[in-house]
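Fold and contact review
For reference, the chains in residue letters:
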Amino acid sequence: MQISDLKARVEAVLFSSDTALSMAKLEQVLEVDTQELRVALQQLQQECHQKGRGVILQEVAGGFQLRTRPEYAPWVMQLRRTRHMNLSRAATETLAIIAYRQPVTRAEIEGLRGVDSGGIVRTLLEKDLVRMAGKKDAPGRPLIYATSARFLEIFGLNSLEDLPTLRDLKTDELDFAPAVELEMDFESKEREEY
Amino acid sequence: MAYEVKLDQFEGPLDLLLHLVHKNEMDIQDIRIATITAQYLEHLDMMKARNMDVASEFLVMAATLLHLKSRTLLPPSRVEMEDGDGQDPEEELKARLLEYQRYKEGAQQLEEYPRLFRDVFPRPPLEPEAAELAAKALDAQINIGLYDLVRALDNVLRPKPKPAVHRVEGGAISITQGVHMLLQHLHGRERVSFQRCFSATTSRLEVVVQFMALLELARLQLLELQQHTRNGMIYLYPAQSLRSGSYTDIEHMIDVEAYANF
């Protein structure tokens with residue numbers, strides 16, 4: 001099959017879908033092998049990112065999705081009735097802490113922020129950006145929090161590795177390795193490198 | 001409703017402290033405690049002056065700063081050196097500030113990321129076909145977290161709002177009531193038009209019952225129905241007893257049993 005033909009097929013399928021499609025799903029639908037698909041996706045992605053296109057091909061939460069370009073948001077918004085998710089500065093700050101430090105307890109969040117954060121964590125849970133990821137094996141067995149798949153979707157991240165890197169501190173202790181190993185699944189869908 | 005005034009929107013003592021450090025163009029590593037402490041306390045006074053609830057966290061930080069400031073004035077105390085965990089409280093504060101700054105920057109970067117439904121938009125969900133829904137339901141992967149369960153339970157426990165249904169009272173009217181309604185129209189009158197005697201009815205049921213009452217009275221020969229012209233107005237001529245209102249035993253005359261279903 002011609003690569004241009006496959007590319008068009010991929011575009012058609014992605015256009016018709018209202019959810020992100022994983023590599024596996026695309027392979028199954030298009031009946032092609034992984035290698036061909038990767039080339040097609042890559043080319044399509046590059047084409048979409050050129051000027052003069054209205055959509056971009058984003059890799060989110062382990063799948064591919066066509067989304068409108070950020071610069072055309074004002075026009076696209078005219079058609080939308082739903083209001084976008086508003087996050088206060090405190091909420092974004094808390095979300096960032098959870099994203100980088102997960103799994104993290106409320107006490108740890110509050111230690112970092114220096115203020116009570118219970119209400120904000122609750123809001124983030126309600127917005128489905130954060131989830132309860134179990135209990136920490138420590139006195140009082142406090143709940144630990146982690147980001148959700150929804151978080152990746154909303155911020156257009158494929159995996160947690162795509163988070164912007166934080167400025168390094170002089171201390172070496174502050175990498176964002178999980179403080180405790182728990183029964184966690186990090187939506188660590190295999191990152192497709194190509 | 002109380003207004004919540006925020007001075008420059010400080011999220012907490014660390015936020016305020018960081019702001020002061022930047023305002024004074026200091027580096028966190030060479031923070032001048034005396035200057036920062038003075039400005040920090042000034043800011044707290046400002047908050048109090050505006051009737052703001054100063055969160056306890058702000059006060060704890062004020063105490064910490066004052067403690068640090070006092071330390072600079074005194075020779076290092078032996079007790080502290082032996083007692084503490086070896087951590088210099090000033091270094092500790094610096095470390096906290098640095099770390100806080102780091103996450104704040106992370107949050108700013110996150111804020112600038114193209115966000116779904118704010119900057120970028122996917123295709124909205126289409127109306128699914130019934131067959132599609134069924135297929136989805138069959139191989140749906142249900143991914144429920146603890147919080148989803150808690151939320152579901154919460155929804156069940158929450159007192160249910162009263163259903164916004166307008167209840168129409170099906171006013172059960174007996175044939176006897178129908179008769180009385182009719183009698184009110186007939187009282188003291190020589191004749192009443194068919195239409196007029198239904199003028200007070202408010203529902204279909206009332207019309208029906210009153211019509212049956214009319215037939216019943218006619219059957220009891222207390223009422224005469226006359227139509228003077230073809231397709232013309234029908235008139236009710238009540239008997240003398242009805243006109244004068246001397247019909248006390250009328251209820252016994254009605255064959256209530258026959259109307260039991262109404």
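Keep in mind the model is a prediction, meaning the values are calculated, not measured. (Residues numbered from 1 in each chain as written. Chains lettered and ligands numbered in written order. Predicted model: local features only at pLDDT ≥ 70, side-chain atom pairs only at ≥ 80, totals over all residues.)

1. Details of the overall build of chain A
Along chain A, the regular secondary structure elements total eight helices and five strands. Sequence-ordered secondary structure for chain A, helices as α and strands as β, is α-α-α-β-β-α-α-β-α-α-β-β-α. Here chain A holds 194 residues, and the buried ones make up 30% of them. At a minimum sequence separation of 6, the contacts of chain A that also span at least 24 residues come to 56%. (Helix = DSSP H or I, 4+ residues; strand = E, 2+ residues; numbered from the N terminus. Buried ≥ 20, exposed ≤ 12 C-beta atoms within 10 Å, placed from the backbone. Contact = placed C-beta atoms within 7 Å.)

2. Quick notes on the sheet that holds strand S1 (residues 192-193) of chain B
Residues and elements named next belong to chain B. Across the sheet, which stays open at both edges, the three strands sit in the order S1-S3-S2 with antiparallel pairing between neighbours. Whereas interior strands pair on both sides, the edge strands pair on one side only; in this sheet they are S1 and strand S2 (223-227). With five bridges joining them, S2 and strand S3 (residues 234-238) adopt antiparallel strand pairing. Bridge pairing links Glu-224 to Tyr-237 in S3. (Pairing = 2+ DSSP bridges.)

3. Thoughts on the pairing of strand S2 (residues 63-68) of chain A
Residue and element names in this part refer to chain A. Summarising burial for S2: five of the six residues are buried, a large majority. With six bridges connecting them, strand S1 (residues 55-60) and S2 associate as antiparallel partners. Across the sheet, the residue bridging to Glu-59 is Phe-64, located in S2. Between S1 and S2, which follow one another and run antiparallel, lie two residues, and Ala-61 among them has a positive phi close to 40 degrees.

4. Quick word on the packing of helix H5 (residues 89-101) of chain A against helix H6 (residues 106-113) of chain A
All names here are of chain A. Taken N-terminus to C-terminus, the directions of H5 and H6 make an angle of 120 degrees; their axes are 10 Å apart at the nearest point. With respect to each other, H5 and H6 are oriented oblique. Crossing handedness for the pair H5 and H6: right-handed. Between H5 and H6, the contacting residues are Glu-93, Thr-94, Ile-97, Ile-98 and Arg-101 on the first element and Glu-108, Ile-109, Leu-112 and Arg-113 on the second. When its residues are assigned to classes, the contact of H5 with H6 shows four nonpolar, one polar and four charged. (Axes fitted to C-alpha atoms, helices over the stretch in contact; angles between N-to-C directions. Parallel < 35°, antiparallel > 145°, perpendicular 65-115°, else oblique. Left-handed = near helix turned anticlockwise from the far one by under 90°. Nonpolar A, V, L, I, M, F, W, Y, C, P; charged D, E, K, R; others polar.)

5. Some thoughts on the environment of Ser-17 of chain A
By secondary structure assignment, the location of Ser-17 of chain A is in the loop between helix H1 (3-16) and helix H2 (23-30). Sequence spacing of Ser-17 of chain A and Leu-66 of chain A is 49 residues, and the spatial spacing of their C-alpha atoms is 8.7 Å.

6. Observations regarding the interface of chain B and chain A
Many structure descriptions define interface size as the accessible area lost when the parts assemble. Each partner contributes residues to the interface: chain B has 37 residues there, and chain A has 35 residues. The set of elements that each furnish at least two residues to the side of chain B that touches chain A consists of helix H1 (13-23), helix H5 (89-112) and helix H7 (146-157) of chain B. Element by element, the count of residues in the side of chain B that touches chain A is highest for H5 of chain B, at 13 residues.

7. Some points on the sheet that holds strand S4 (residues 130-135) of chain A
Residues and elements named next belong to chain A. Here we have three strands laid out as an open sheet, ordered S3-S5-S4, and antiparallel in their pairing. The open sheet terminates on both sides in strands that have one partner only, identified here as strand S3 (104-105) and S4. The pairing of S4 with strand S5 (residues 143-147) spans four bridges and is antiparallel. The partner of Met-132 across the bridge, within S5, is Tyr-145.

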